[in-house]
Amino acid sequence: MRLARRDGRGRPRRRRPRARLVHPRRAPRARRARAPARVGGDAVKILEPSSLGRGVRLVSLGAALGARCVTNDDLSALGYPEADAFVTRATGISERRHADDHETTTSLAADACRQAMRRADLAQVDLLIVSSSSAERIIPTVGSSVHRELGLEGAPAHSISATCSGFLFGVEVAARAVLTGLDPVMVCASELRSRQVDPTDRATGALFGDAAGAAIFASCPPGEGLIAVGTTSIAAGADSVSLGRAREDRLVMANGPQVYFEAVEGLSLIHISEPTRR
C-alpha cells in the first residue's frame, strides 16, 4: 500500500510535474509555423525562397586545387612536430594541396568558375561574387581580378571576406540576388592559405591547403531548390583566429579545438522545421 505524503498541516502534498530535458537535436519541430532559428539565444533570420513565391536552385559546381600534393610525411620533413599517424588520427587529413609558385588566389578562382560555367553550358552570368581572405592584392579586388580573367563584360562583380564561412555568406547573397531578378549568379570562394601558415606550427600547419570552389545559382519554381538559407556571426569568437596584413605575418589559431567545437555546436543549435508537403 502506498502512503500519500502530507505537509506540516496534515494535508496531502501535491506532486509537482517533473521538468523534461530535451536534447537540442531531439527537440520537437513545428510542422506548420516555423519558429526562428537560434544560436546562443539569438534569433537567426532565415531566408525561405518559397515564401516569396520563387525558388533558387543550384545549377552546377566547379573546383580547382593547388598543383602540389603535400602529405603528412612531407610536412614532417618541413619541421611539423607531429607524425603522419597522429595527424591522420586527429584530423582525418593525410594530404593537402599547395599552390605552385605560378598559381594565385585569382587563378584558382578563375579555374573553378570556368569549370562551373562549362558544366552549366553558360558563357555569361548576371553577377559574380568572390570570397577570399588571401588575395594577392588589395586593389584591384579579387572579384575584379577574376571578372577580368573570365571576360564577364557587363556583369557586376564584387568581393567579400569572411574566411572559412565566406562561401556560405556568398550563397546567401546569391540567393537574394536571384530572388530579385539576377539570373544566373555565380559564387566562388578561393583561399591560398599555404603562404600564410607556418608549416612548423602544430595548431595550423597540417590543417590548411590551397583550393577554390564555385557554384552557379538560378531561379526555379517555388518549392524546388534551396529550402532555406541563414547566416549569423558570434562576436565572442572574433579573436579565435587571426592574421595580420604584412606579408611576413602568419595565421594564428589561439585555440583550435574550441574553434572547431563551437562551429559544430552552432550548427546543432540551428533547427529548421521540415517543409510543408504540397
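Attention in this report is confined to the structure presented alongside it.

**With respect to the pattern of salt bridges**
Phase 1 of the analysis: Using the criterion set out here, one finds 6 salt bridges in the structure.
Phase 2 of the analysis: The residue Asp100 makes a salt bridge to Arg68 at a minimum N-O spacing of 3.5 Å. Taken together, the residues span a long stretch of sequence, with Asp100 in the loop between strand E6 (95–98) and helix H3 (105–120) and Arg68 in strand E5 (residues 68–71) at a distance of 32 residues.
Phase 3 of the analysis: The exposure class assigned to Arg68 is partly exposed, which follows from its relative accessible area of 40%.
Phase 4 of the analysis: Residue Arg114 pairs with Glu149 through a salt bridge whose shortest N-O separation is 3.8 Å. Placement of the pair is Arg114 in helix H3 and Glu149 in helix H4 (residues 142–150), with a sequence separation of 35 residues.
Phase 5 of the analysis: Its relative accessible area of 42% is what places Glu149 among the partly exposed residues.
Phase 6 of the analysis: Beyond isolated ion pairs, a larger network of salt bridges with shared partners links Asp111, Arg114 and Glu149.

**Section: the environment of Phe167**
Phase 1 of the analysis: For Phe167, the location among the structural elements is in helix H5 (residues 166–179).
Phase 2 of the analysis: Each C-alpha atom of the pair Phe167 and Ser131 lies 6.3 Å from the other, and the pair is 36 residues apart in sequence.
Phase 3 of the analysis: Setting aside chain neighbours within four positions, we find Phe167 in contact with Ser131, Val187, Ala189, Gly213 and Ala215.

**Let's talk about the sheet that holds strand E7 (residues 127–131)**
Phase 1 of the analysis: Ordered in space as E4-E10-E9-E7-E8, the 5 strands form an open sheet in which the pairing is mixed. On the outer flanks of this sheet lie strand E4 (55–65) and strand E8 (157–160), each paired with one strand and no other. Averaged over all pairs of adjacent strands, the angle between their axes in this sheet comes to 20°, without regard to strand direction.
Phase 2 of the analysis: When E7 meets E8, the two strands line up parallel, connected through 4 bridges. Residue Leu128 lies in a different strand from E8, and its bridge partner there is Ala157.
Phase 3 of the analysis: Contacts from H4 reach E7, E8 and strand E9 (185–192), with the element oriented near 130° to E7.
Phase 4 of the analysis: The strands touched by H5 are E4, E7, E8, E9 and strand E10 (210–220); relative to E9, the strand with the most contacts, the crossing angle is about 165°.

**Here we look at the side chain of His98**
Phase 1 of the analysis: Structurally, His98 can be placed in strand E6.
Phase 2 of the analysis: By relative accessible area, His98 is classed as buried at 10%.
Phase 3 of the analysis: Ignoring anything within four residues of it in the chain, the contact list for His98 reads Gly66, Ala67, Arg68, Val70, Glu103, Ser194, Phe208, Gly209 and Asp210.

Analysis parameters
Starting afresh in each chain, residues are numbered from 1 along the sequence in its written order. Residues qualify for local features only when their pLDDT is at least 70, as the model is predicted, and side-chain atom pairs are given and counted only at 80 or more; totals for whole chains, interfaces and linings, by contrast, use all residues. Think of the side-chain values as coming from all heavy atoms in the structure, minus any hydrogens and water. Whenever a carboxyl oxygen of Asp or Glu lies within 4 Å of a side-chain nitrogen of Lys or Arg, that contact is scored as a salt bridge. Numbering of helices and strands starts at the N terminus; helices are DSSP runs of H or I of at least 4 residues and strands are runs of E of at least 2. Only protein chains enter the calculation, and the probe is 1.4 Å; a residue is then buried if its accessible area is under 20% of its type maximum, exposed if over 50%, and partly exposed in between. Contacts: residue pairs with any heavy atoms within 4.5 Å of one another. Whether two strands pair comes down to DSSP finding at least two bridges between them. Angles run from 0 to 180 degrees between N-to-C directions of axes, and those axes are lines fitted to C-alpha atoms, restricted for helices to the stretch in contact.

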